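A structural walkthrough
So you can see what is in the structure, the chains are spelled out below.
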Amino acid sequence: QAQLVESGGGLVQPGGSLRLSCAASGIMFSIYTMRWYRQAPGKQRELVAGITTGGVTNYADSVKGRFTISRDNAKNTVYLQMNSLEPEDTAVYYCNARRIPGMEYWGQGTQVTVPS
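These numbers were taken from a predicted model, which means no experiment stands behind them.

Along its length, the chain carries zero helices and 11 strands. Beginning at the N terminus, the succession of helices and strands in the chain can be written as β-β-β-β-β-β-β-β-β-β-β. By the compact-globule yardstick of 13 Å for 116 residues, the chain fits well, its C-alpha radius of gyration being 13 Å. Taking the principal axes of the C-alpha coordinates as reference, the chain spans close to 40 × 25 × 20 Å. When each of the 116 residues of the chain is scored for burial, the buried share is 40%. A total accessible area of about 6,100 Å² is found for the chain, and carbon and sulfur atoms account for 48% of it.

Written out as structure tokens, the structure is:
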């Protein structure tokens, strides 16, 4: 069955960097739009970045210029490079794969903590 597994989260000081990875299995990865979402304590889940099958990217305003999403279809993996991290970036980060409504999968999440 479909599975998304995130990795790369952790504790990083303000101004630091992390790279999140999301490895997919059980799906034809190349035909899925991939997205990263995050959810901070007490807040709704929000879209961070997305990348289409053709490589077109989009970002939340709060991360533009700091985060970069990319994908490697040969490795069935999507990445989120996060630079200049801020305490406001603290959240659980989730990977999402979506083909059409009803064909959508989520990972279990990875914690990113940037202390103030």
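Moving on, we come to the sheet that holds strand β8 (residues 77-82). Overall, antiparallel pairing links the four strands, which are arranged β1-β3-β8-β7 in an open sheet. Looking along the sheet, the strands with just one partner apiece sit at the ends: β1 (3-7) and β7 (67-72). Taking the axes of each pair of neighbouring strands and ignoring which way they run, one obtains an average angle of 15° across the sheet. Taken together, the six bridges between β7 and β8 define a ladder with antiparallel strand orientation. Looking at the pairing, Phe67 lines up with Met82 of β8.

Let us now look at the state of the cysteines. With the rule as written, the count across this model stands at one disulfide. Bridging Cys22 to Cys95, the disulfide has an S-S length of 2.1 Å. On the sign convention where negative is left-handed, the bridge of Cys22 and Cys95, at about -80° about the S-S bond, is left-handed. A residue pair is termed long-range when its members are at least 10 positions apart, and Cys22 in strand β3 (residues 18-25) and Cys95 in strand β9 (residues 91-100) qualify at 73 residues. The buried category is assigned to Cys22, whose relative accessible area is 0%.

Glancing now at the side chain of Asp89. Looking at where Asp89 falls in the secondary structure, it is placed in the loop between β8 and β9. In this view, Asp89 contacts Arg38, Arg66, Phe67, Ser84 and Val112; residues no more than four positions away in its chain are not counted.

Okay, the nonpolar core next. A general feature of soluble globular proteins is that nonpolar side chains tend to end up buried together. Membership of the largest hydrophobic core comes to 29 residues, with the highest contact counts inside it found for Met34, Trp36, Val78, Leu80, Met82 and Tyr93. Those elements that place two or more of their residues in this core are β3, β4 (33-39), β5 (46-51), β7, β8 and β9.

Across the seven residues that make up β4, a large majority, five, are buried. Across seven bridges, β4 lies against β9 in antiparallel orientation. Note that in β9 the partner of Thr33 across the bridge is Arg98. Two successive antiparallel strands, β4 and β5, enclose a turn made up of six residues, where Gly42 displays a positive phi of approximately 75°.

Each value, and the rule that gives it
- Residues numbered from 1 in each chain as written.
- Predicted model: local features only at pLDDT ≥ 70, side-chain atom pairs only at ≥ 80, totals over all residues.
- Heavy atoms only, no water.
- Helix = DSSP H or I, 4+ residues; strand = E, 2+ residues; numbered from the N terminus.
- Rg over C-alpha atoms; globule rule 2.2 N^0.38 Å.
- Buried < 20%, exposed > 50% of the residue type's maximum accessible area, 1.4 Å probe, protein only.
- Areas by Shrake-Rupley, 256 points an atom, 1.4 Å probe, with all protein chains shown as cover.
- Pairing = 2+ DSSP bridges.
- Axes fitted to C-alpha atoms, helices over the stretch in contact; angles between N-to-C directions.
- Disulfide = S-S within 2.5 Å.
- Contact = heavy atoms within 4.5 Å.
- Core = buried A, V, L, I, M, F, W, Y, C linked by side-chain atoms within 4.5 Å.

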